[in-house]
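Structural features, examined
Residue strings, one per chain:
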Amino acid sequence: MLCLAACGHSAGEEAEKRYAMVERSNGTPDERCDQANKTAAAYLRDGNEAKYREWRLRSQVQCGPADDQL
């Protein structure tokens with residue numbers, strides 16, 4: 001059986017895996033901020049409001065006050 005990218009996983013779940021990879025790799029604060037924003041956006045596209053809110057809050061914590069314009 002051929003399984004395409006993200007087979008069985010939502011875009012948000014895949015973005016969350018990438019965030020974890022950045023975190024495990026001691027990514028810079030900017031990298032963690034960027035990936036947290038991408039994860040929140042992916043859950044928004046998925047229509048998963050609970051996860052979107054969770055990752056939106058996490059992105060605000062990761063990015064600090066400079067992210068207020070989002």
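Structure's up top.
This structure is a prediction, so every number in the text was calculated from the model and none was measured.

**Considerations on the nonpolar core**
One recurring pattern in soluble globular proteins: nonpolar side chains tend to sit buried together. Among the nonpolar cores identified, the biggest contains 5 residues, and these are Tyr19, Ala36, Ala40, Tyr43 and Trp55. The dominant element in this core, judged by the number of residues it contributes, is helix H2 (residues 29–46), at 3 residues. With residues up to four places along the chain from it excluded, the contact list for Trp55 reads Glu16, Tyr19, Ala36, Thr39, Ala40 and Tyr43.

**Quick word on unusual backbone geometry**
Positioned with a positive phi, Asn26 is a non-glycine residue whose angle comes to about 55°. Looking at where Asn26 falls in the secondary structure, it is placed in the loop between helix H1 (11–24) and H2. For Asn26, a relative accessible area of 68% puts it in the exposed group.

**Notes on the pattern of salt bridges**
Applying the stated criterion across every chain, the model contains 5 salt bridges. Across the pair Asp34 and Lys38 runs a salt bridge, and its minimum N-O distance is 3.2 Å. Taken together, the positions of Asp34 and Lys38, both in helix H2 and 4 residues apart, correspond to about one turn of that helix. Taking the shortest distance from any N to any O, the salt bridge between Glu54 and Lys51 comes out at 3.7 Å. Linking Glu54 with Lys51, this pair stays in helix H3 (residues 49–63), spanning 3 residues, or about one helical turn.

Calculation rules
The residue numbers shown here count from 1 along each chain, following its written sequence. Residues qualify for local features only when their pLDDT is at least 70, as the model is predicted, and side-chain atom pairs are given and counted only at 80 or more; totals for whole chains, interfaces and linings, by contrast, use all residues. Each side-chain value is worked out from all heavy atoms of the structure, with water and hydrogens disregarded. What is meant by a nonpolar core is a set of buried Ala, Val, Leu, Ile, Met, Phe, Trp, Tyr and Cys residues, joined one to another through side-chain atoms within 4.5 Å. Under the scheme applied here, a residue whose accessible area is under 20% of the maximum for its type counts as buried, over 50% as exposed, and between as partly exposed, the area being computed with a 1.4 Å probe on protein chains only. Under the scheme used here, helices are H or I runs from DSSP no shorter than 4 residues and strands are E runs no shorter than 2 residues, and both carry numbers assigned from the N terminus. Residue contacts are counted whenever heavy atoms from the two residues lie within 4.5 Å of one another. One side-chain nitrogen of Lys or Arg within 4 Å of one carboxyl oxygen of Asp or Glu is enough to make a salt bridge.

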